[in-house]
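# Structural overview
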Amino acid sequence: MEKTELIPFLETLKGKSVILKNSGYMACQTSVKEFNFYIKYNILMMEDNKSENYMVLNLEKIKQIQKEADEMLVTIYIDDAIETEVSIQLK
């Protein structure tokens, strides 16, 4: 998946229930009941309209994006020394 395809993919998830995962030096997972996102200064803010759960991602640090063909799942690989991954999956 190209970087330019990420935003249209996220648009399809708006208002839906998703799981946001982060792995690398530290790992976490959050459940989002009503997904929303916006971009400001090349920073992607993914948030839940129903709670205070959120995740922030610097778009300039994206190394690669992989979309699973058979499900609504995207894994974003970050260009850093820790090999950080961010997954966005329809619940």
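Residue numbering note: each chain is counted from 1, following its sequence as written. Totals for whole chains, interfaces and linings use all residues, but because this is a predicted model, local features are given only for residues with pLDDT of at least 70 and pairs of side-chain atoms are given and counted only at 80 or more. No hydrogens and no water enter the side-chain calculation; it runs on all heavy atoms of the structure.

## Concerning the environment of Tyr54
Under the scheme used here, helices are H or I runs from DSSP no shorter than 4 residues and strands are E runs no shorter than 2 residues, and both carry numbers assigned from the N terminus. Looking at the secondary structure, you find Tyr54 in strand 5 (residues 54-58). Spatially, the C-alpha atoms of Tyr54 and Lys67 are 21 Å apart, while their sequence positions differ by 13 residues.

## So, the sheet that holds strand 4 (residues 43-48)
When DSSP finds at least two bridges between two strands, those strands are taken to pair. Within the open sheet, the three strands sit side by side as 3-4-5. Their pairing is antiparallel. Because the sheet does not close on itself, it has two edges, and the strands there are strand 3 (35-40) and strand 5. Between one strand axis and the next, the sheet turns through 15° on average, direction left out of account. Alignment of strand 3 against strand 4, held across six bridges, turns out to be antiparallel. Bridge assignment links Asn36 to a residue of strand 4, and that residue is Glu47. Sitting on the sheet, helix 1 (residues 6-13) is in contact with strand 3 and strand 4, with an inclination near 150° to strand 3. Helix axes use the C-alpha atoms of the stretch in contact, all axes being lines fitted to C-alpha atoms, and the angles between their N-to-C directions lie in the range 0 to 180 degrees. By definition in these notes, contact holds between two residues if any of their heavy atoms fall within 4.5 Å.

## Let's talk about the pairing of strand 1 (residues 18-23)
For strand 1 and strand 2 (residues 28-32), the ladder comprises five bridges, and the chain directions are antiparallel. When the sheet's bridge partners are listed, Asn22 is paired in strand 2 with Cys28. Counting the residues that bridge the hairpin from strand 1 to strand 2 gives four residues, and of these Gly24 lies at a positive phi of roughly 160°. Bridging between strand 1 and strand 8 (residues 85-90) involves six bridges; their strand directions are antiparallel.

## Remarks on the pattern of salt bridges
Here, a salt bridge means any side-chain nitrogen of Lys or Arg that lies within 4 Å of a carboxyl oxygen of Asp or Glu. All told, the structure shown has two salt bridges when counted by the stated rule. Here Glu11 ties to Lys14 by a salt bridge, and the two come within 3.9 Å at their closest N and O atoms. Relative accessibility decides the category of a residue: with a 1.4 Å probe and only protein chains considered, values under 20% of the type maximum give buried, values over 50% give exposed, and everything between is partly exposed. Assessed through its relative accessible area of 42%, Glu11 is described here as partly exposed. The class for Lys14 is partly exposed, based on a relative accessible area of 37%.

## Some points on a nonpolar patch on the surface
Together, Tyr25, Met26 and Ile82 make up a nonpolar patch on the protein surface, roughly 410 Å² of accessible area in all. Judged by its relative accessible area of 63%, Met26 is exposed. Residues with no salt bridge and a relative accessible area higher than 30% make up the patches, which join like charges within 9 Å and nonpolar side chains (Val, Leu, Ile, Met, Phe, Trp, Tyr) within 5 Å. In this description, accessible areas are obtained by the Shrake-Rupley approach with a 1.4 Å probe, and a residue is regarded as covered only by the protein chains that are shown.

## Brief notes about unusual backbone geometry
The phi angle of most residues is negative, glycine excepted, and most peptide bonds adopt the trans form. With phi around 65°, Asn42 is a residue other than glycine that occupies positive phi space. Summarising the element assignment, Asn42 is placed in the loop between strand 3 and strand 4. Under the relative-accessibility criterion, Asn42 is labelled partly exposed at 33%.

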